[in-house]
Amino acid sequence: MLTGKKILITGATGLVARTVAETLAEHNEVWCLGRFSDPQVAERLRERGMRIWHWDMARDPLDGLPEDFTHVLHAAVERGGGDFEDVVAVNSVATGRLMTHCRGAEAFLYVSTSAVYAPQALDHLHTEADPLAAASAWLPTYPVGKLATEGAVRAFAVTLGLPTTIARLNVAYGPHGHGGLPVILFRQMLAGEPIAVPREGQHYCSPIHTDDIARHVPRLWAAAKAPATVVNWGGDEVVGVADLVAHIGGLTGVPAELVPGDVTRAVSAFDGSRRRTLAGGCERTWRDGVRQALEAHFPGSVTATTEN
Ligand code: NDP
């Protein structure tokens, strides 16, 4: 457990970083940076003792912000609405500003994504050495922005001598923000919207609950180095997306319409060896975690009394 540290977190209003922020705030001084588009979330964070600092990473410098942070978690992301120039510039410049401002920190953790890997067989377990390709038919700007930012992070880690970890996150899910893939899928099912799936087989992923993400963060900071440590950050289990949809349907009784096509929300599975060594295992099983996340976002939605 990390105690008595001064921690800066971006993206704390979102799915991935909020549980981390809440967990760390119990024993540390936590500062959350962001636009706080939803003032109620800012209020919840304040109530838990966190400091709020308004920062739009698309334009704001960090003047006036303390510089003596010991640990930084950078999870904020501009996914881009089709403008490649914008997504590369905003994410990499903001990250460079943040790393420069916090150059004295003990560790900087950048949350990257599995979307930077080149497509392989659907059930391939990606290692950190696998080929990269920032291509996505689903959300074209997103992996371009993430890969460009990984480059910026690697450069600043070395030039500043700032110990850094780049953690390529798999499918995250949990009680906050948009809830992650299981909750997104359930929203589609509730709306009667079709779910796009590959023409053959199914996508596989290594989903990780935000409780396990929060458990891993201090150890990912401990693994930070310059040049940066790179690690695939997913859960212990490999799960097929069609199996995930079937589980959600079984828990809630809501049917899903799977429609084969060429453009799907592609995800990929990980070889979790390096993550297990650096950050340890996971405690949540995906079946239990999905049940918990659905209940958090849609109270009363889980009608099944036993695991299916
Ligand atoms: P969310 O969409 O839930 O949250 C995004 C966060 O970024 C919000 O806190 C938002 O804060 C902040 N943000 C967005 N634009 C700006 C801006 N211009 N200035 C400051 N803050 C901004 O994202 P997730 O929690 O899902 O993702 C967190 C990280 O994890 C991202 O880096 C993402 O790439 C990565 N990731 C997520 C995965 C997942 O399954 N969710 C999978 C793989 C990687 P606010 O609106 O208050 O400013």
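Computed from a prediction, not measured in an experiment: that's the story for all the values here. Residue numbers run consecutively from 1 along every chain, following the written order of its sequence. Totals for whole chains, interfaces and linings use all residues, but because this is a predicted model, local features are given only for residues with pLDDT of at least 70 and pairs of side-chain atoms are given and counted only at 80 or more. The basis for every side-chain value is the complete set of heavy atoms in the structure, and neither hydrogens nor water enter the calculation.

**Student:** Report on the site of the ligand, specifying residues and quantitative values.
**Tutor:** A cutoff of 4 Å decides nearness: a residue is near a molecule or strand if any of its heavy atoms lies inside that distance of it. Lining the immediate surroundings of the ligand are 27 residues, of which Thr13, Ser37, Tyr142, Lys146 and His178 lie closest. Here Leu15 contributes a backbone N or O atom positioned 3.0 Å from an oxygen atom of the ligand. Definition of a polar contact: a pair of N or O atoms within 3.5 Å, with one able to donate and the other able to accept a hydrogen when the atoms are protein atoms, and with sequence-neighbouring residues admitted only if both atoms are side-chain atoms. Between Asp56 and the ligand, the recorded distance is 2.9 Å, taken from a side-chain N or O atom to a nitrogen atom. Note that accessible areas follow from Shrake-Rupley with a 1.4 Å probe, and for residues the cover is restricted to the protein chains shown. Contact with the protein chains covers 90% of the free accessible surface of the ligand, which is 880 Å². Think of it this way: any DSSP run of H or I at least four residues long counts as a helix, any run of E at least two long counts as a strand, and we number them from the N terminus. Going through the elements one at a time, helix H1 (15-24), strand E5 (107-113) and helix H4 (141-160) are the ones with two or more residues in the shell around the ligand. The element contributing the most residues to the shell around the ligand is E5, with 3 residues. When grouped by side-chain class, the residues that make up the shell around the ligand number 14 nonpolar, 9 polar and 4 charged. Polar here means any residue other than Ala, Val, Leu, Ile, Met, Phe, Trp, Tyr, Cys and Pro, which are nonpolar, and Asp, Glu, Lys and Arg, which are charged; Gly is therefore polar.

**Student:** Now, about the packing of aromatic side chains: what can you tell me, with residues and values included?
**Tutor:** Any two of the Phe, Tyr and Trp rings considered here, Trp counted by its six-membered ring, make a pair once their centres fall within 6.5 Å; the pair's planes then place it as stacked at under 30 degrees, edge-to-face at over 60, or tilted in between. Taken as a whole and judged by the stated rule, the model has 4 aromatic pairs. Considering the side-chain rings of Trp31 and Trp53, the 6.3 Å spacing of their centres and the 45° angle between planes classify their relative orientation as tilted. Note that Trp31 is positioned in strand E2 (residues 29-34) and Trp53 in strand E3 (residues 51-54), a separation of 22 residues in sequence. Relative accessible area decides the class of each residue, using a 1.4 Å probe on protein chains only: under 20% of the type maximum gives buried, over 50% gives exposed, and in between gives partly exposed. Take Trp31: its relative accessible area is 6%, and that puts it in the buried class. According to the relative accessible area criterion, Trp53 is partly exposed, its value standing at 22%. Here the aromatic rings of Trp31 and Phe69 are separated by 5.7 Å at their centres, their planes lie at 85°, and the arrangement is edge-to-face. Placement of the pair is Trp31 in strand E2 and Phe69 in the loop between E3 and strand E4 (71-74), with a sequence separation of 38 residues. What links up through ring pairs into an aromatic cluster is the set Trp31, Trp53 and Phe69.

**Student:** Tell me about the domain arrangement of the chain, residues and numbers included.
**Tutor:** Where the parts come together, the accessible area they lose is often given as the size of the interface. Domains are outlined according to an automatic or database domain assignment. What the domain assignment reports for the chain is domain 1 (6-173 + 207-233) and domain 2 (181-205 + 237-270 + 283-297). Summarising the inter-unit geometry, the C-alpha centres of domain 1 and domain 2 are found 25 Å apart. The contact criterion used is simple: two residues touch if any of their non-hydrogen atoms lie within 4.5 Å. Contacts between domain 1 and domain 2 engage 22 residues on the former and 28 residues on the latter. In this assembly, domain 1 packs against domain 2 so that about 2000 Å² is buried in total across both faces, 65% of it on carbon and sulfur atoms. We define buried area as the total accessible area lost by two parts upon association, computed with a 1.4 Å probe and summed across both.

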